[in-house]
Amino acid sequence: MQHPAPEPGVRGWKTFCLTAVQEPISTSSPTTSTTSSPPTPAADIANLMAATQRPVAASALEARASAAAWKAIPSYSLVATDDHNIPPAAQPFMAERAHAHTVEIKASHAVTVSQPDAVARIIEQAAQDIVR
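Attention in this report is confined to the structure presented alongside it. (Residues numbered from 1 in each chain as written. Predicted model: local features only at pLDDT ≥ 70, side-chain atom pairs only at ≥ 80, totals over all residues. Heavy atoms only, no water.)

1. Re the overall build of the chain
Looking only at helices and strands, the chain features 6 helices and 2 strands. Within the structure as shown, the chain displays about 9,300 Å² of accessible surface, and the carbon and sulfur contribution to it stands at 59%. (Helix = DSSP H or I, 4+ residues; strand = E, 2+ residues; numbered from the N terminus. Areas by Shrake-Rupley, 256 points an atom, 1.4 Å probe, with all protein chains shown as cover.)

Here it is, written out as structure tokens:
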């Protein structure tokens, strides 16, 4: 599969993306199975991530929220224990502060790519809990 070449200057971002997807990648979902198609190679996923994602803007980290949503609605947190982007102690701290239902998983910052089944499970749990 061909992906657009990353723009100049994103070599470090591409390296980050490739490192993030080096853990085993699950390609199964409720509607697909790894037996029907081979898994996507990590290098292809890293190339796609590097070409389509950009590092967060500083303004996004400096913006103030008008209200803390977690005070009014249930919160859920998926803590990726091998995340090298968010400090290890920060994730559980933020989850506890928000009184979040927390699930820990051995995964990198790219947990949605490497462990989509685990991400889907916590989203499904949150949806079911809200409907009840």
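2. Some words on the pattern of salt bridges
Inspection of the entire model under this criterion finds 1 salt bridge. Residue Asp 82 is joined to Lys 106 by a salt bridge in which the shortest nitrogen-to-oxygen separation is 2.9 Å. Of this pair, Asp 82 sits in the loop between β1 (76-80) and α4 (90-97) while Lys 106 sits in the loop between β2 (101-105) and α5 (111-114), placing them 24 residues apart in sequence. (Salt bridge = Lys/Arg side-chain N within 4 Å of Asp/Glu carboxyl O.)

3. With respect to unusual backbone geometry
At His 99, a position not held by glycine, the phi torsion is positive, near 55°. Mapped onto the elements of the fold, His 99 is located in the loop between α4 and β2. Classification of His 99 by relative accessible area gives exposed; the value is 64%. (Buried < 20%, exposed > 50% of the residue type's maximum accessible area, 1.4 Å probe, protein only.)

4. Details of the nonpolar core
Counting residues in each nonpolar core, the largest one holds 6 residues, listed as Ala 80, Ile 105, Ala 107, Val 111, Ala 118 and Val 119. With sequence-adjacent residues up to four places away left out, Val 111 is seen in contact with Leu 78, Ala 80, Ile 105, Pro 116 and Val 119. (Core = buried A, V, L, I, M, F, W, Y, C linked by side-chain atoms within 4.5 Å. Contact = heavy atoms within 4.5 Å.)

5. Quick look at the pairing of β1
Bridging between β1 and β2 involves 5 bridges; their strand directions are parallel. Bridging from a neighbouring strand, Ser 77 pairs with Thr 102 of β2. Between the parallel elements β1 and β2, the chain passes through α4 in a crossover that is right-handed. (Pairing = 2+ DSSP bridges. Right-handed = clockwise from strand over helix to strand, strands pointing away.)

6. Describing the side chain of Asp 83
The residue Asp 83 is located in the loop between β1 and α4 in this model. It is Lys 106 that comes nearest to the buried, bridge-free Asp 83 among opposite-charge side chains, at 13 Å. Of note is the side chain of Asp 83, whose polar atom sits 2.7 Å from the side chain of His 109. Not counting chain neighbours up to four residues away, the residues in contact with Asp 83 comprise Gln 91, Ala 107, Ser 108 and His 109. (Lys, Arg positive; Asp, Glu negative; His and termini not counted. Polar contact = N/O pair within 3.5 Å; in protein donor to acceptor, adjacent residues only side chain to side chain.)

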